[in-house]
Amino acid sequence: MNPDSLKSLSPEELIFSHTPVLPQEVISGLAVRAGGHYLDATVGGGGHTRLILETAPDVKVTALDQDEDALAAAQKELAQFGDRVKFIHTNFAAFNYPPDSYDGILADLGVSSHHLDTPERGFSFRKEANLDMRMNQKQSLTAADVINHWSEADLVDIFFKYGEERLSRRIVRRIVEKRPFKTTTQLADTIASAVPAKYRHGRIHPATRVFQALRIAVNDELKVLETFLAKAPLALAPNGRLVIISFHSLEDRLVKHSLRDSPILQVVTKKPIIATEEEIIQNSRSRSAKLRIAQKVMSAEC
């Protein structure tokens, strides 16, 4: 990332959540060792990378993120470690993975607390904002483009497939009637009006699954994850560890099957590791986190 672009960001843009999910489980899963080189494929605010750097002496981390705000915050958070951490602005699917290079690779998937807590990014329907949802703000496609211009059939498909929304047809009919939409709250209110009354006051807001589906579609998250899962194991050194945290069943299913089916990985976690009740109280985002670990069992040449 260009250091000049970091300097141009305002203090508000540098505010980013640093609370890492499943912190001790990640460090144990990576088996961090002195002098090791690790890849944090989704550095976010730098919380996990800080733990890795503090665990053993002379550890180095290559830190990726497609969100420039995240990289700016992480660079500020981790400034004390100097050249022990290298920052790269990229999506983890587009990264050029050097073979047999890392003692461990970490990916903390999905939307961050920062994204949800920053209304203008358009990920949440709790406060009014433009329908955006881009993790990489340099890409052109936004949630507004999807919701206002994609066909009825395509919207039904993504809401059902990515949001597992059983009422997708009913919701999409109402959306098509009412579009165009400009804001998150306009869309959320329309979704709520489309579902039976008993769903409007349930455990989760009726717009939750639709917003998840939109976010996945805008950022092509599942395709990106598939690409990462194909590339990352080859970049592990022999006996290197791959540690992945997912937050919904679609991600976890992909991770589970990819680790199990890889010819060069051995699954370490037969069942996913989940947060303790104590951590959930301290960090509500950890409630849905599932951590899976695999170890490279042969070199790329085998």
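Residues numbered from 1 in each chain as written. Predicted model: local features only at pLDDT ≥ 70, side-chain atom pairs only at ≥ 80, totals over all residues. Heavy atoms only, no water.

**Quick look at the sheet that holds strand β4 (residues 102–108)**
- What the seven strands build is an open sheet, ordered β3-β2-β1-β4-β5-β7-β6; its pairing is mixed. Looking at the sheet topology across the chains shown, the edges are occupied by β3 (85–89) and β6 (265–267). Strand-to-strand twist across the sheet, computed as the mean angle between neighbouring axes with direction ignored, equals 20 degrees.
- Judged from the three bridges that link them, β6 and strand β7 (residues 290–296) form a sheet pairing that is antiparallel. Within β7, the residue paired with Val267 across the bridge is Ala294.
- Helix-sheet contacts for helix α3 (residues 47–55) involve β1 (37–40), β2 (60–65), β3, β4 and β5 (236–246), and the interaxial angle to β2 is about 175 degrees.
- On top of the sheet, helix α12 (residues 221–235) reaches β4, β5, β6 and β7; it is set at about 145 degrees to β5, its chief contact. (Pairing = 2+ DSSP bridges. Helix = DSSP H or I, 4+ residues; strand = E, 2+ residues; numbered from the N terminus. Axes fitted to C-alpha atoms, helices over the stretch in contact; angles between N-to-C directions. Contact = heavy atoms within 4.5 Å.)

**As for the pattern of salt bridges**
- This model, assessed by the stated rule, comprises 15 salt bridges.
- In this structure, the salt-bridge partner of Lys161 is Asp157, at a minimum N-O distance of 3.7 Å. In this pair, Lys161 and Asp157 both sit in helix α7 (residues 152–163), four residues apart, roughly one turn of the helix.
- The residue Asp261 makes a salt bridge to Arg260 at a minimum N-O spacing of 3.2 Å.
- It is possible to trace a salt-bridge network through shared partners that takes in Arg50, Glu54 and Glu77. (Salt bridge = Lys/Arg side-chain N within 4 Å of Asp/Glu carboxyl O.)

**Some thoughts on helix α11 (residues 208–219)**
- The terminal C-alpha atoms of α11 lie 17 Å apart, and with 12 residues this matches the ideal 16 Å at 1.5 Å per residue to within 8%.
- Of all the 12 residues making up α11, nine are buried; the element is thus mostly covered by neighbouring parts of the structure.
- Residues of α11 that are buried in the fold lie against α6 (143–149), α7, α8 (168–178), α9 (184–194), α12 and α13 (249–261). (Expected span 1.5 Å × (residues − 1). Buried < 20%, exposed > 50% of the residue type's maximum accessible area, 1.4 Å probe, protein only.)

**Things to note about unusual backbone geometry**
- In this model, Arg179 is joined to Pro180 through a cis peptide bond whose omega is 15 degrees.
- The residue Pro180 is located in the loop between α8 and α9 in this model.
- Here the phi dihedral of Asp220 falls at roughly 50 degrees; this positive angle occurs in a residue that is not glycine.
- Checked against the element boundaries, Asp220 lands in the loop between α11 and α12.
- Judged by relative accessible area, which is 39%, Asp220 ranks as partly exposed.

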